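Observations on the three-dimensional arrangement
Now for the letters of each chain:
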Amino acid sequence: MPVHYRFSIIIPVLHETKLINEQLERVRQLQTDQPFEIIVVDGSSTRDTLQVISEDTIGKYTCPQGRGRQMNEGAAHANGDILVFLHVDTVLPSNGLSLINKTLEDDQYVGGAFTLRIQSNNLLLRMIAMSSTLRSRLTRAPYGDQVHFIRKSYFDAIGGYKDIPLMEDVELMRRIYKEKGKIIILSTSVVTSDRRWKQEGVIYASLRDTLIIFLYWCGMPAEKLAKFYPWQTIK
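Notes on the structure in this doc start here. Starting from 1, residues in each chain are numbered consecutively following that chain's sequence as written. Local features are withheld for residues below a pLDDT of 70 in this predicted model, meaning they are given only at 70 or higher, and side-chain atom pairs are given and counted only at 80 or more; totals for whole chains, interfaces and linings count all residues. In computing side-chain properties, one takes all heavy atoms of the structure into account and sets aside hydrogens as well as water.

1. Focus: the packing of aromatic side chains
The geometry of two aromatic rings is summed up by the distance between their centres and the angle between their planes. Where we set the bar: Side-chain rings of Phe, Tyr and Trp (the six-membered ring for Trp) are treated as a pair once their centres are within 6.5 Å; stacked means planes under 30 degrees apart, edge-to-face means over 60, and tilted covers the remaining angles. Secondary structure elements are taken from DSSP: a helix is a run of H or I of four residues or more, a strand is a run of E of two residues or more, and numbering for both begins at the N terminus. Burial classification: accessible surface area is computed with a 1.4 Å probe over protein chains only, and a residue below 20% of its type maximum counts as buried, one above 50% as exposed, and the rest as partly exposed. Criterion for a charge above a ring: Lys NZ or Arg CZ within 6 Å of the ring centre, and within 35 degrees of the ring normal.
Summed over the entire model, instances satisfying the criterion amount to four aromatic pairs. Relative to Tyr-161, the ring of Phe-85 has its centre 5.1 Å away and its plane inclined at 85°; by these criteria the two rings are edge-to-face. Here Phe-85, found in strand β4 (residues 80-85), pairs with Tyr-161, found in the loop between α6 (152-158) and α7 (168-178); they are 76 residues apart in sequence, far enough to count as distant. Under the relative-accessibility criterion, Phe-85 is labelled buried at 2%. By relative accessible area, which is 3% here, Tyr-161 ends up buried. Through a chain of ring-to-ring contacts, the aromatic side chains of Phe-85, Phe-155 and Tyr-161 assemble into a single cluster. The ring of Tyr-143 carries the charged tip of Arg-135 above its face, separated from the ring centre by 4.1 Å. Cation over ring: Arg-196 sits above Trp-197, and NZ or CZ is 4.4 Å from the ring centre.

In structure tokens, the structure reads:
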């Protein structure tokens, strides 16, 4: 009989052997009185990220590459009341689970996300983080970098993430809004790595991301927008 948890923390990965154990250690140190499980879903057929995880208590699964697909796979195996979708390079505050638990004691909310902060002193990246949080508060469609959390019962009922090559995070939150579901953007920040901007170049990546978001909100399908996004592994 499966163990029942309050939280299921789901981490989608692709060739993240250098970061995964550090992230798992951070997650284990989260301060909460509520039980939680950790699920890692590898999008690589080589299972390279899973192979470096030695802890037996971690749920380890594989499925074809695609962040939305991988997060749905993790949710399908989850035994928690609340799903927390965490990127491998994003850090939850130590009291993050307690904040989520307290927030969802209010039945009016089906889920939510955190305020975004990028781990960098670069002024442009700090402005990007601020504008992303402002945009998410106005549109009620936070990015996955902001750590989505959602009641599992609601996630299952609404059909989870759509299997699209990108923008699965925004699409889910837009769908929740259309279904009259209420989310909250917590004022507490999560911190995401600046590695993608460093690799691609801050100005180029920022302009490209802004264009993708604009075109998506104008109605261009994610499948067409994917050609603008580099699907290389971040080292």
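2. Focus: the side chain of His-148
Test applied: We define a polar contact as two N or O atoms separated by no more than 3.5 Å, with the added condition that, inside protein, one atom must be a possible hydrogen donor and the other a possible acceptor, whereas residues neighbouring each other in sequence contribute only through side-chain atom pairs. A contact between two residues is defined here by any heavy atoms of the two lying within 4.5 Å.
Position of His-148 among the secondary structure elements: in strand β7 (residues 148-151). At 3.4 Å, the side chain of His-148 and the backbone oxygen of Tyr-143 are in polar contact. Within the local environment of His-148, its side chain forms a polar contact with the side chain of Tyr-161, the two groups lying 3.0 Å apart. Ignoring anything within four residues of it in the chain, the contact list for His-148 reads Leu-83, Val-84, Phe-85, Gly-112, Ala-113, Pro-142, Tyr-143, Tyr-161, Asp-169 and Met-173.

3. Here we look at the side chain of Thr-115
Following the sequence through the fold, Thr-115 ends up in strand β6 (residues 111-118). Overall, the relative accessible area of 12% leaves Thr-115 in the buried class. A polar contact of 2.7 Å, which involves the side chain of Thr-115, links it to the backbone oxygen of Leu-186. In this view, Thr-115 contacts Thr-133, Arg-137, Gln-146, Ile-185, Leu-186, Ser-187, Thr-188, Ser-189 and Val-190; residues no more than four positions away in its chain are not counted.

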